[in-house]
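# Overview (structure and organization)
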Amino acid sequence: RDRAGFPIVMSNVAAASLGAKAIGATASDSRFPVSNVLDGEAKSCWITTGLFPQEFLIAFPDTVSIARIRTQTRNVKSMAIEYCDQREPTSFDKLYGPVEIEESSTGLQMETQQFKEIKCRYLKVKILSGYSDFAVVYSIEAEGKLSSNHEA
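Residues numbered from 1 in each chain as written. Predicted model: local features only at pLDDT ≥ 70, side-chain atom pairs only at ≥ 80, totals over all residues. Heavy atoms only, no water.

The volume enclosed by the second largest pocket comes to roughly 180 Å³. In terms of lining, the second largest pocket is formed by 14 residues, of which the most central are Val37, Gly40, Glu41, Ser139 and Glu141. Here the lining of the second largest pocket is built from residues that sort into 7 nonpolar, 4 polar and 3 charged. (1 Å grid on protein atoms, 1.4 Å probe; cavity = no way out; pocket = protein on both sides within 12 Å on 5 of 7 lines; lining within 4 Å. Points joined across faces, edges and corners; volume = space filled by probe spheres on them. Nonpolar A, V, L, I, M, F, W, Y, C, P; charged D, E, K, R; others polar.)

The predicted model of the protein has a mean per-residue pLDDT of 90, with 91% of residues at 70 or higher. Put simply, strand S1 (residues 11-12) is where the protein has its lowest mean pLDDT, 92, and strand S5 (residues 76-84) is where it has its highest, 97. (pLDDT = per-residue confidence, 0-100. Helix = DSSP H or I, 4+ residues; strand = E, 2+ residues; numbered from the N terminus.)

In this section: the pattern of salt bridges. Side chains that differ in charge, positive against negative, can pair when their charged atoms come close. Inspection of every chain in the model, using the stated rule, returns 6 salt bridges. Residue Arg70 pairs with Glu143 through a salt bridge whose shortest N-O separation is 2.6 Å. Of this pair, Arg70 sits in strand S4 (residues 54-74) while Glu143 sits in strand S8 (residues 136-146), and the two are 73 residues apart along the sequence. With relative accessibility at 15%, the residue Glu143 sits in the buried group. Here Lys145 makes a salt bridge to Glu117, at a shortest N to O gap of 3.4 Å. Taken together, the residues span a long stretch of sequence, with Lys145 in strand S8 and Glu117 in strand S7 (residues 109-130) at a distance of 28 residues. (Salt bridge = Lys/Arg side-chain N within 4 Å of Asp/Glu carboxyl O. Buried < 20%, exposed > 50% of the residue type's maximum accessible area, 1.4 Å probe, protein only.)

In this fold, Ser11 is placed in strand S1. It is 23 Å that separates the C-alpha atoms of Ser11 and Asp93, two residues lying 82 residues apart in sequence.

This part is about the state of the cysteines. Here the structure, examined in full by the defined rule, presents 0 disulfides. Unpaired in this structure, Cys84 has its nearest cysteine sulfur neighbour in Cys120, at a distance of 8.5 Å. Judged by its relative accessible area of 1%, Cys84 is buried. (Disulfide = S-S within 2.5 Å.)

Laid out in structure tokens, this is it:
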């Protein structure tokens with residue numbers, strides 16, 4: 001609850017519309033840029049190349065507090081998430097993982113991880129292995145709160 005006693009509402013602080021950016025991907029294809037994972041479009045995606053591990057960063061415009069991450073992927077076998085609370089993304093701590101993700105009969109894998117709330121400026125998303133040569137990330141949502149000088 002906030003200072004006035006109202007419940008604190010968490011929202012997707014990793015939305016591009018709130019200033020979050022996906023950067024520094026290890027795989028690049030102009031048809032499937034890493035920025036697609038934050039655009040909120042169901043059919044857009046980022047696709048890895050045929051080697052693992054692959055990773056990218058999510059940069060927030062300011063410090064955020066997060067307590068849950070939701071991913072929508074395809075052909076991802078194992079992934080891990082790290083975080084950094086510094087101004088520059090030079091040192092990361094483990095948030096969770098590696099997490100084994102089951103293959104889905106429909107192809108779409110929906111995964112949610114909840115954890116003790118952390119403060120961060122960056123997330124590092126690591127695709128450690130896949131069920132095929134190529135893995136797809138459709139979306140990453142980080143449920144939490146913006147810093148106190150912003151409203152979600």
